[in-house]
Amino acid sequence: MFVALLSSLGNAPAAASGGGSGGGGFMEAFKENPTFLAINLVVSALVIALVAERVAFQLGKYRVNSKEFFAQIKKLVTAGNIDRAIKLCDAGDYPTLQLVKAGLTHANKGPDEIDAAMSEKIGELKPAVEKRIGSLWSLANIATLIGLLGTVLGLIHTFGAVAAPGLSAADRQRILANGIAEAMYNTALGLGIAVTCMVAHLILHQRSKTIQHDLDATQERVFNLLTIQTRPGGY
């Protein structure tokens, strides 16, 4: 989305060039007054880096199918192979495996100890799932306000330049057109970054909630397995 915005900003002056000269393009506006455009470009780089890191984390760390993995653990536990089940959890550095291992290492203890160990582990895992996602809202607001500030100050500068004495009507028209274009580029860039942040937040937050629900379900399955099915007469 953000790349499409930059592409449209770059193509806008080219599309209008057939109607006459003097149209201010994005690069021309950037060269004329780069301050706020550059700040928002830095913000956009932060947004891209944050989103890429969160996507890589969620897709990489939580690619284990918890139901299939639990089915394997269940077979080993019901067969009395707790040690093999623990070794299976050491197969990779995945949070789901760490949570299951926390319960298995306390399998020979009481339900309270098992619940406490798994609750402590899940308390460590959940914050990492939501980490930095909330920052997208702050970056969206910052980008919007920077764009608005660049727009207002750009218009003030433009009107001041137009009011200068000794300018021809053509020069005034050119300065006014370029100044307004510069101001609108600031607004468009800020809003584009904000929309990108909101869409990314919506997707990442929904994905993080799904992961947290999956962790809760895994904790409940393992707890029931270790406290009910391993008891004599358990189903």
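Provided above is the structure to which this section pertains.
Treat the numbers as computed from the prediction; the structure is a model and nothing was measured.

Conventions and cut-offs
Residues numbered from 1 in each chain as written. Predicted model: local features only at pLDDT ≥ 70, side-chain atom pairs only at ≥ 80, totals over all residues. Heavy atoms only, no water. Helix = DSSP H or I, 4+ residues; strand = E, 2+ residues; numbered from the N terminus. Buried < 20%, exposed > 50% of the residue type's maximum accessible area, 1.4 Å probe, protein only. Contact = heavy atoms within 4.5 Å. Patch = residues over 30% accessible without salt bridge, like charges linked within 9 Å, V, L, I, M, F, W, Y side chains within 5 Å. Areas by Shrake-Rupley, 256 points an atom, 1.4 Å probe, with all protein chains shown as cover. Salt bridge = Lys/Arg side-chain N within 4 Å of Asp/Glu carboxyl O. Phe/Tyr/Trp six-rings, centres within 6.5 Å; stacked < 30°, edge-to-face > 60°. Lys NZ or Arg CZ within 6 Å of the ring centre and 35° of its normal. 1 Å grid on protein atoms, 1.4 Å probe; cavity = no way out; pocket = protein on both sides within 12 Å on 5 of 7 lines; lining within 4 Å. Points joined across faces, edges and corners; volume = space filled by probe spheres on them. Nonpolar A, V, L, I, M, F, W, Y, C, P; charged D, E, K, R; others polar.

Caption draft 1: Geometry of the overall build of the protein. Looking only at helices and strands, one finds 9 helices and 0 strands in the protein. Along the protein, from the amino end to the carboxyl end, the secondary structure elements read α-α-α-α-α-α-α-α-α. Taken across its 235 residues, the protein has 36% of its residues classed as buried. Long-range contacts, defined as pairs at least 24 residues apart, comprise 75% of the intrachain contacts of the protein with a sequence gap of at least 6.

Caption draft 2: Spatial organisation of the side chain of Thr 151. If you trace the backbone, Thr 151 turns up in helix 8 (residues 135-162). Overall, Thr 151 belongs to the buried group, its relative accessible area being 7%. Apart from the residues lying within four places of it in its own chain, the contact partners of Thr 151 are Ala 183, Met 184, Asn 186 and Thr 187.

Caption draft 3: Examining the environment of Lys 131 more closely. Along the chain, Lys 131 turns up in the loop between helix 7 (111-130) and helix 8. In this structure the C-alpha to C-alpha distance between Lys 131 and Arg 54, which are 77 residues apart in sequence, comes to 8.2 Å.

Caption draft 4: Structural context of unusual backbone geometry. Unusually for a residue other than glycine, Arg 132 sits at a positive phi of about 70°. With relative accessibility at 35%, the residue Arg 132 sits in the partly exposed group.

Caption draft 5: Focus on a nonpolar patch on the surface. On the surface, Leu 145, Leu 148, Leu 149, Val 152, Leu 153 and Ile 156 cluster together into a nonpolar patch covering about 550 Å² of accessible area. In this structure, Leu 148 sits in helix 8.

Caption draft 6: The pattern of salt bridges, seen in detail. Inspection of the entire model under this criterion finds 7 salt bridges. Among the salt bridges present, the one from Lys 61 reaches Asp 93, with a minimum N-O distance of 3.3 Å. Note that Lys 61 is positioned in helix 3 (residues 35-61) and Asp 93 in the loop between helix 5 (82-89) and helix 6 (95-104), a separation of 32 residues in sequence. Judged by its relative accessible area of 28%, Lys 61 falls in the partly exposed class. Between Glu 124 and Lys 121 there is a salt bridge, with the nearest N and O atoms lying 3.3 Å from each other. Residue Glu 124 and its partner Lys 121 are located together in helix 7, separated by 3 residues, close to a single helical turn. Beyond isolated ion pairs, a larger network of salt bridges with shared partners links Glu 53, Arg 54 and Arg 132.

Caption draft 7: Representation of the packing of aromatic side chains in the model. Enumeration according to the criterion identifies 1 aromatic pair in this entry. Look at Phe 57 and Tyr 62: their rings are 6.0 Å apart centre to centre, the planes differ by 65°, and that puts the pair in the edge-to-face class. When its relative accessible area of 16% is taken as the criterion, Phe 57 is described as buried. A cation over an aromatic ring shows up here: Arg 54 above the ring of Phe 57, its NZ or CZ 4.5 Å from the ring centre.

Caption draft 8: Expanded view of the layout of surface pockets. A volume near 220 Å³ is recorded for the largest pocket. Lining of the largest pocket is provided by 13 residues; of these, Glu 32, Ile 175, Asn 178, Gly 179 and Glu 182 occupy positions nearest its centre. Those elements giving two or more residues to the lining of the largest pocket turn out to be helix 2 (26-32), helix 8 and helix 9 (169-229). Top contributing element to the lining of the largest pocket by residue count: helix 9, with 5 residues. Class assignment of the residues belonging to the lining of the largest pocket gives a composition of 3 nonpolar, 6 polar and 4 charged.

Geometric descriptors of this kind do not, in isolation, establish any biological role.
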